[in-house]
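Residue-level listing of the chains:
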Amino acid sequence: MAAAPDDTRQGSDQELAVSRFIEQFALSMAGLGFPRMAARVFVAVLISTNGLTAVELATQLRISRAAVSQAVRYLMQLGLVERQREPGQRHDHYRVTDSMWYEMFARRDEVFLRLEDNLADGIDALGGQSPAAARLDETRRFFAFIRGEVPKLMTRWRESQGEAPDKDS
């Protein structure tokens, strides 16, 4: 078998390294509770230059377009990926927004508040004096604390990036 020219070998070495990176980062995200397929799609979009179409994602990741569709829907709900279509194009491109992490965490306020309300309902249901109710109350107080700290963290992040803080923070 003849050896491949250096540029071909280098290209496939880089492709292999990129594929490994996608899989490794996706596994790390899955360890944090992310669905594995959504993590793989997210990492592929994250490292793309101009975003990717569903067909490109399916080809690159060797998955079905249905799996891409489901993963993209999940990622869009989280605010990690957005769909864009260039004028004259027939296919949507999926891209990450420049401030995706900021936006995702900034929207967590409503999630934390909902969790606090659910936990308060659980405390009431348990009667408020049981050890289980005490655990739920500690969890509720933790989420209340986090909810109060996230706006401060977001302000510090924007300042660290040379941006003016939000008036709402």
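The rules behind the values
Think of each chain on its own: its residues are numbered from 1, step by step along the sequence as written. Whole-chain, interface and lining totals are the exception, using all residues; otherwise, since this is a predicted model, local features are given only for residues with pLDDT of at least 70 and side-chain atom pairs are given and counted only at 80 or more. In computing side-chain values, all of the structure's heavy atoms are included and hydrogens and water are not. A pair is scored as a salt bridge if a Lys or Arg side-chain nitrogen falls within 4 Å of a carboxyl oxygen belonging to Asp or Glu. Under the DSSP-based scheme used, a helix requires at least four consecutive residues in state H or I and a strand at least two consecutive residues in state E, with every element numbered from the N terminus. A simple rule labels every residue: compare its accessible area, found with a 1.4 Å probe on the protein chains alone, to the largest value its type can have, and call it buried under 20%, exposed over 50%, or partly exposed in between. Contacts are residue-level and defined by heavy atoms, with any inter-residue pair within 4.5 Å sufficient.

S.K.: What am I meant to see in the pattern of salt bridges here?
M.R.: Two side chains carrying opposite charge are able to pair once their charged atoms lie near each other. A full pass over the atoms with the stated rule returns nine salt bridges. The residue Asp137 makes a salt bridge to Arg141 at a minimum N-O spacing of 3.1 Å. Of this pair, Asp137 and Arg141 both sit in helix α7 (residues 131-160), four residues apart, which is roughly one turn of that helix. With a relative accessible area of 25%, Asp137 lands in the partly exposed category.

S.K.: Would you mind going over unusual backbone geometry with me for this structure?
M.R.: Excluding glycine, most residues fall at negative phi; most peptide bonds, likewise, are trans. Even without glycine at this site, Arg62 takes up a positive phi of about 60°. Tracing the sequence through the fold places Arg62 in the loop between α3 (54-61) and α4 (65-78).

S.K.: Sorry, what's going on with the environment of Ala133 here?
M.R.: By the element assignment, Ala133 lies in helix α7. Excluding residues that lie within four positions of it along the chain, Ala133 makes contacts with Ile123, Leu126 and Gly128.

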